[in-house]
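# Report on the structure
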Amino acid sequence: MENQPKLNNNKEIIAFLAERFPQCFTTKGKAFPLKIFIFQDLVARIEELNDVSKTKLRAALRRYTSSWRYLYEIKIGIERVDLDGNPCGKLEQQHVEYAKKQLEEAKAHLQLKKAEQQIQKSKPAAPNAKIPTQQQPKHSPPPDSAHQIVKPIPVSSTPSITMPELKIGQTIKVKAGEKAMNGTVLEFVKNGIRVRLSSGLAMIVRAEHLQL
């Protein structure tokens, strides 16, 4: 493996781990809950290789254990496995609850993203503010003329900034599909409003996804 190229992204590193430790890591199908502190085991087993940095390895592990495929397998009574697939302790309730919360937040974030995309698609196209290329008449028509050129009114990308009922630190609800999650207004930003959910997750949402 001396000529193996360096692994530069999460996908490559996870594929490498699945090939090297197939009883522990997978790239598709069922995922196995990993042994606690498995990072240290990985460092000890692959420290002779020069193709995976510890920083990128840690990032790839975070990506692997936060995937939906992995979180779905975090259930009471399921055994964790080490690098060789040996059982090393059943999952505890606190770990199952944490995985469930992560999965719910990931789904809520996806629902918000889809809802925002749908809103963007449903918005009418902005009128063309450019003056037609044809020569304009020497004498402009009066303001009440039917031929008056109307310039589009600029629309703020963050309408909630002007909403007096929204304030920093205010408790609101964030709509995600048919559900609404409690959150707190952190700040007004260019693309919307940054809120922190009761679970601790912070995200930027638009005003139309908020309820007072």
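Conventions we followed
- Sequence order as written defines the numbering, with residues in each chain counted from 1.
- The predicted origin of the model limits local features to residues at a pLDDT of at least 70 and limits the giving and counting of side-chain atom pairs to 80 or more, whereas totals for whole chains, interfaces and linings rest on all residues.
- Side-chain metrics in this entry use all non-hydrogen atoms of the structure; hydrogen atoms and water are not considered.
- Helix numbers and strand numbers start at the N terminus; a helix is a DSSP run of H or I with at least 4 residues, a strand a run of E with at least 2.
- Only protein chains enter the accessibility calculation, which uses a 1.4 Å probe. A residue is then buried if its area is under 20% of the maximum for its type, exposed if over 50%, and partly exposed in between.
- Residue exposure ignores everything except the shown protein chains as possible cover, and the areas themselves are Shrake-Rupley values with a 1.4 Å probe.
- When a carboxyl oxygen of Asp or Glu is within 4 Å of a side-chain nitrogen of Lys or Arg, the pair counts as a salt bridge.
- Each polar contact in these results corresponds to two N or O atoms within 3.5 Å; when the atoms are within protein, one needs to be able to donate a hydrogen and the other to accept it, and residues that are neighboring in sequence are counted only if both atoms are side-chain atoms.
- We call two residues in contact whenever any of their non-hydrogen atoms come within 4.5 Å of each other.
- Using protein atoms alone on a 1 Å grid, points that fit a 1.4 Å probe yet trap it form a cavity, whereas open point sets bounded by protein on both sides within 12 Å along at least five of seven lines form a pocket; residues with an atom within 4 Å of a point count as lining.
- Grid points are joined across faces, edges and corners, and a volume is the space filled by probe spheres set on the points.
- Ten residues, namely Ala, Val, Leu, Ile, Met, Phe, Trp, Tyr, Cys and Pro, are considered nonpolar, four, namely Asp, Glu, Lys and Arg, are considered charged, and the remaining ones, Gly among them, are considered polar.
- pLDDT runs from 0 to 100 and stands for how confident the predictor is about each residue.
- Along the arc lie the directions from the helix axis toward the C-beta atoms.
- Each patch is built from residues that are more than 30% exposed by relative accessible area and take part in no salt bridge. Like charges join if they lie within 9 Å; nonpolar side chains (Val, Leu, Ile, Met, Phe, Trp, Tyr) join within 5 Å.
- Only Phe, Tyr and Trp rings are paired, with Trp represented by its six-membered ring, and only when their centres lie within 6.5 Å; those with planes under 30 degrees apart are stacked, over 60 edge-to-face, the remainder tilted.
- The criterion is that NZ of a Lys, or CZ of an Arg, lies within 6 Å of the ring centre and within 35 degrees of the ring normal, and then a charge sits over that ring.

Secondary structure summary: the protein chain contains 5 helices and 7 strands in total. Secondary structure elements of the protein chain occur, N-terminal to C-terminal, as α-α-α-α-β-β-α-β-β-β-β-β. When the 212 residues of the protein chain are sorted by exposure, 28% land in the buried category. Total accessible area computed for the protein chain in this model is approximately 14,900 Å², and 54% of it derives from carbon and sulfur atoms.

With that settled, the discussion passes to the pattern of salt bridges. Scanning the entire structure with this criterion turns up 2 salt bridges. Salt-bridge contacts for Lys35 lead to Asp41; the nearest nitrogen and oxygen are separated by 2.8 Å. By relative accessible area, which is 24% here, Asp41 ends up partly exposed.

For the rest of this paragraph, the subject is the side chain of Thr26. Along the polypeptide, Thr26 turns up in the loop between α1 (10-20) and α2 (38-46). A polar contact of 2.9 Å, which involves the side chain of Thr26, links it to the backbone oxygen of Lys30. Polar side-chain contacts of Thr26 include one of 2.7 Å to the side chain of Arg69. The residues contacting Thr26, other than those within four sequence positions of it, are Ile14, Ala18, Ala31, Phe32, Tyr64 and Arg69.

A few words on the layout of surface pockets. Taken as a whole, the largest pocket encloses approximately 600 Å³ of empty space. If you trace the largest pocket, you find 20 residues lining it, with Leu61, Thr65, Tyr70, Arg80 and Tyr98 closest to the centre. Broken down by secondary-structure element, the contributors of at least two residues to the lining of the largest pocket are α2, α3 (54-65), α4 (68-71) and α5 (93-122). A per-class count over the lining of the largest pocket returns 11 nonpolar, 5 polar and 4 charged.

Low-confidence regions, as indicated by low pLDDT, have predicted coordinates that should not be scrutinised in detail. For the protein chain, per-residue confidence averages 76 on the pLDDT scale, and 73% of positions sit at 70 or higher. Taken together, the stretch residues 140-163 has pLDDT below 50 and engages in 18 contacts with residues farther than four places along the chain or on a different chain.

Buried within α2 are the following residues: Ile38, Phe39, Leu42, Val43 and Ile46. For α2, the angular spread of the buried residues around the axis is 145°, confining them to a single face. Next to the buried residues of α2 lie α1, α3 and β1 (79-81).

Let's shift gears to a nonpolar patch on the surface. Together, Trp68, Tyr72 and Leu110 line one region of the surface with nonpolar side chains, adding up to about 260 Å² of accessible area. Relative to the elements of secondary structure, Trp68 occurs in helix α4. Judged by relative accessible area, Trp68 falls into the partly exposed class, the value being 31%.

Moving on to the packing of aromatic side chains. Under the criterion given, the structure shown has 2 aromatic pairs. A ring pair is formed by Phe25 and Tyr64, whose centres lie 5.2 Å apart and whose planes are at 65°; its orientation type is edge-to-face. Residue Phe25 is located in the loop between α1 and α2, and its partner Tyr64 is located in helix α3; the two are separated by 39 residues in the primary sequence. Measuring from ring centre to ring centre gives 5.7 Å for Tyr64 and Tyr70, while their planes differ by 55°; the resulting arrangement is tilted. For the pair shown, Tyr64 and Tyr70 are each scored as buried. Clustering of aromatic rings is evident, with ring pairs tying together Phe25, Tyr64 and Tyr70. Taking the ring centre of Phe39 as reference, the NZ or CZ of Arg58 above it sits at 3.9 Å.

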